[in-house]
Amino acid sequence: LPHRLLAMAINRFPPHFTTADHRDRCLEQLRSKCAPLEKYIYLNGLKGRDANLFYDLLLGNMKEMVPILYTPTVGEACINYSHIWRRPEGLYVSIEDKGRIRDVLSTWSNIPDSRIAVVTDGSRILGLGDLGANGLPISIGKLDLYIAGAGIKPSSTVPICLDLGTNTQRYLDDPLYIGIRNRRPGPEQMNEFMDEFMEAMKEVFPNLLVQFEDFSTDNAFKYLDRYRDKYRVFNDDIQGTGSVILSGFINAANLSSAASGKPLGDHRILFFGAGSAGIGVAKQLLSFFTMQGLSPEEARSRIWTVDSKGLITADRKGLQEHKKFFARTDYEGHALTHLVDIINYVKPTALLGLSTSKNAFTEEVVKAMANINERPIIFPLSNPVHLSEVDYHNAIEWTDGKVIFASGSPYFPVTHKDVTYEPGQGNNMYIFPGLGLGAILSKARHVSDAMVEQASIALASSLTEEEKAAQLIYPRLTRIRDISAQVAFAVIRQAQREDLDMNGYLRTLPDDTLLALVHDKMWQPPAVPIPRL
Ligand SMILES: NC(=O)C1=CN([C@@H]2O[C@H](COP(=O)(O)OP(=O)(O)OC[C@H]3O[C@@H](n4cnc5c(N)ncnc54)[C@H](O)[C@@H]3O)[C@@H](O)[C@H]2O)C=CC1
Ligand SMILES: CC(=O)C(=O)O
Ligand SMILES: [Mg+2]
């Protein structure tokens, strides 16, 4: 029974109670709270009391509620989770469960219904570092977007936090910390744990798609490689982010080239930050250049990467494995460490930040980009918003409104010299709900690179005429279900082309019928009648 009806058995509803009034009442209560974290706690409580009403409100108020349930506020919720914790939600699997992980997973309440798990080990939550067992809200937030954005049934979602310990001393010292009080294990012990976990997941949840989220960079690459051909799994930070930024970049490059008259194949991209997200996006952007007819080697030559030590060159000693692919072999001279010097050397058309380095795109940096480009592409993609490489109003002011902008976390529109500019949000939330839905409906055995790429192209093509006229590079969030349906459709067709699908029925459907079916499959919060005794 819904909570509301259970409560009825003891306490009667007031004489004048309507669902419509109650929706307004909940919005009023939400809006009466000033601090974003208080709003998060309120919404979390509402979800516990009446999940259908919670999702109904979310669907009707995406622009207002997504920044609370997801970035930036979910970051604050994670940091403080041990202190704001109210009730069990999601599934913790701890290193102490090693040897009996199957039994732990079997305690989940909705096994036959389960379709999508978001799994984090809490080791790199957004740009906030190792939050240990406090990382669970990121899995919950991502799954709320699956539910609202792609119409996955709430009972089909499984939020998981792997508690392997934490290296963050303040949590180990915190008496209220909800995780185990160990430092993280070495690679061998973690591999054994992950192998047992993934095998147990397949046994207990045979129909599940696993989304890896916010693993620290080395482990993000390692476990994607280790499991992608064995299980139905993808990594959101590497593949989801790559896909969403390819999409935004396609639209941004078209706007920029229209202003400069330069061919699309002439773009040059500078990545500031070379972790799982930076390198994941850089690899995905190779296909932007190959789509323009460049060879894979020419495509690679259009991308430069920078980390905390400066421009990444192949001659640097002790270079981490994931940085080698884009390390430059054509730079000779002293190490370039200053971003403005790097910009003046590379002459990029686009500067993408995935560095967690707040305000790294200073006025000097932004103006250097504006000096060499009619319309510079600047994407500060680090989350949450307080780690953004540049704030929107500064990017607009310093480029006199010329910038083509997308950020990882949301910004409000900005008015400059009487013109109002709308920012884009380059966040994987535009991709993973539709990618997951497509993989689930097609019963894809694996999530292939081509499925990820098709998701990206579908998103890039989803702009309406009105959105194009407003020079947006991502569609408006209020259309997320429509967009997720288009993304899912493209993913299903690609799974079929690669013979990865196990749902042969979808192959028989013409395009418009398949798209309609995807829409039909989306869950809607049911209206629960108010009992009158
Ligand atoms: N917009 C989106 O959809 C997504 C955004 N992100 C964000 O990307 C950021 C990075 O994530 P990861 O790659 O996983 O982290 P990471 O910690 O593995 O990588 C950070 C990179 O930035 C570099 N860096 C750090 N400080 C720097 C500085 N001062 N100057 C130059 N480089 C510096 C580091 O050397 C490293 O290469 C996070 O804030 C995360 O929230 C991640 C996934 C999706
Ligand atoms: C958006 C996201 O996945 C991140 O910042 O890690
Ligand atoms: Mg992430």
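The rules behind the values
Residues numbered from 1 in each chain as written. Chains lettered and ligands numbered in written order. Predicted model: local features only at pLDDT ≥ 70, side-chain atom pairs only at ≥ 80, totals over all residues. Heavy atoms only, no water. Donors = N, O, S within 2.8 Å, 3.2 Å for Na, K, Ca; no water. Helix = DSSP H or I, 4+ residues; strand = E, 2+ residues; numbered from the N terminus. Buried < 20%, exposed > 50% of the residue type's maximum accessible area, 1.4 Å probe, protein only. Pairing = 2+ DSSP bridges. Axes fitted to C-alpha atoms, helices over the stretch in contact; angles between N-to-C directions. Contact = heavy atoms within 4.5 Å. Parallel < 35°, antiparallel > 145°, perpendicular 65-115°, else oblique. Nonpolar A, V, L, I, M, F, W, Y, C, P; charged D, E, K, R; others polar. Near = heavy atom within 4 Å. Polar contact = N/O pair within 3.5 Å; in protein donor to acceptor, adjacent residues only side chain to side chain. Areas by Shrake-Rupley, 256 points an atom, 1.4 Å probe, with all protein chains shown as cover. UniProt positions renumbered as here; feature names shortened; annotations may be inferred. 1 Å grid on protein atoms, 1.4 Å probe; cavity = no way out; pocket = protein on both sides within 12 Å on 5 of 7 lines; lining within 4 Å. Points joined across faces, edges and corners; volume = space filled by probe spheres on them.

Undergrad: What's the story with the coordination of the magnesium ion (ligand 3) in this structure? I'm lost.
TA: The textbook angles at a metal center are 109.5 degrees for a tetrahedron of four donors and 90 or 180 degrees for an octahedron of six. The magnesium ion (ligand 3) binds to the protein through E213 (OE), D214 (OD) and D237 (OD), with metal-donor distances spanning 2.0 to 2.1 Å. In the primary structure, the donors to the magnesium ion (ligand 3) are separated according to the pattern E-D-x22-D. Of this pair, D214 sits in the loop between β4 (209-213) and α12 (217-227) while D237 sits in helix α13 (residues 236-260), placing them 23 residues apart in sequence. The exposure class assigned to D214 is buried, which follows from its relative accessible area of 1%. Using a relative accessible area of 6% as the deciding quantity, one classes D237 as buried.

Undergrad: How should I be thinking about the sheet that holds β4 in this particular structure?
TA: The strand order β1-β3-β2-β4-β5 describes an open sheet built from 5 strands, whose pairing is parallel. Edge strands, defined here as strands with exactly one partner in the open sheet, are β1 (91-94) and β5 (233-235). Taking the axes of each pair of neighbouring strands and ignoring which way they run, one obtains an average angle of 25 degrees across the sheet. Examined bridge by bridge, β1 and strand β3 (residues 157-163) share 4 bridges and lie parallel to one another. Each residue of the ladder has a partner; that of S94, found in β3, is D163. Along the sheet, helix α9 (residues 136-150) contacts β1, β2 (116-120), β3, β4 and β5; its crossing angle with β3, the most-contacted strand, is approximately 165 degrees.

Undergrad: Would you mind showing me how to read the packing of helix α5 (residues 62-69) against α9 here?
TA: For any two helices packed against each other, one specifies the inter-axial angle together with the distance between the axes. Here α5 crosses α9 at 155 degrees, and the two axes come no closer than 10 Å. The pairing of α5 with α9 is recorded here as roughly antiparallel in orientation. Across from M62, V66 and L69 in α5, the residues of α9 making contact are G141, D144, L145 and A148. Classifying every residue of the contact of α5 with α9 by side-chain character gives 5 nonpolar, 1 polar and 1 charged.

Undergrad: What is the right way to read the site of ligand 1 from this model?
TA: What surrounds ligand 1 is a group of 25 residues, the closest being R124, T217, A274, S276 and G426. A distance of 3.0 Å separates an oxygen atom of ligand 1 from a polar atom in the backbone of A277. Side-chain polar atom of S357 to a nitrogen atom of ligand 1: 3.4 Å apart, as the coordinates give it. Coverage of ligand 1 by the protein amounts to 83% of the 860 Å² it exposes when considered alone. Breaking the shell around ligand 1 down by element, the ones donating at least two residues are α13 and α14 (276-291). Here the shell around ligand 1 is composed, by residue class, of 6 nonpolar, 16 polar and 3 charged.

Undergrad: Could you clarify how one ought to interpret the UniProt feature "active site" (unreviewed entry) in the chain in this entry?
TA: UniProt feature "active site" (unreviewed entry): in the numbering of this structure it lies at Y70 and K142. Taken along the chain, the residues just named run across 73 residues; in space they keep tight, none of their C-alpha pairs more than 7.2 Å apart. For Y70, a relative accessible area of 3% puts it in the buried group. Residues within four places of Y70 in sequence aside, it is in contact with K142, L145, N427, N428, M429 and F432. When sequence neighbours within four positions are dropped, the list of residues in contact with K142 reads Y70, V118, Q211, E213, D236, N428 and F432.

Undergrad: Looking at this model, I keep getting lost on empty space enclosed by the protein. Mind explaining?
TA: Within the structure shown, the criterion is met by 3 cavities of 30 Å³ or more. Empty space within the largest cavity amounts to approximately 60 Å³. In terms of residue count, helix α3 (residues 36-49) provides more of the lining of the largest cavity than any other element does, 3 residues in total. Taken together, the residues of the lining of the largest cavity break down into 5 nonpolar, 1 polar and 2 charged.

Undergrad: Looking at this structure, how should I read unusual backbone geometry?
TA: With glycine set apart, most residues show a phi of negative sign, and most peptide bonds adopt trans. Residue P72 follows T71 across a cis peptide bond; omega there is 10 degrees. For the bond from N383 to P384, the omega torsion is -10 degrees, close enough to zero to count as cis. With respect to the element layout, P384 can be found in the loop between β10 (377-380) and α18 (392-399). The backbone of K443 sits at a positive phi, close to 55 degrees, despite the residue not being glycine. Along the chain, the position of K443 falls in the loop between α19 (432-442) and α20 (449-460). Its relative accessible area of 42% is what places K443 among the partly exposed residues.

Undergrad: I keep staring at the packing of helix α2 (residues 19-31) against α3 and nothing clicks. Help me out?
TA: Their axes nearest at 9 Å, the elements α2 and α3 cross at an angle of 150 degrees. Relative to α3, the element α2 is oriented roughly antiparallel. Only K39, Y42, L43 and L46 of α3 make contact with α2, whose side of the interface consists of C26, Q29, L30 and R31. A per-class count over the contact of α2 with α3 returns 5 nonpolar, 1 polar and 2 charged.

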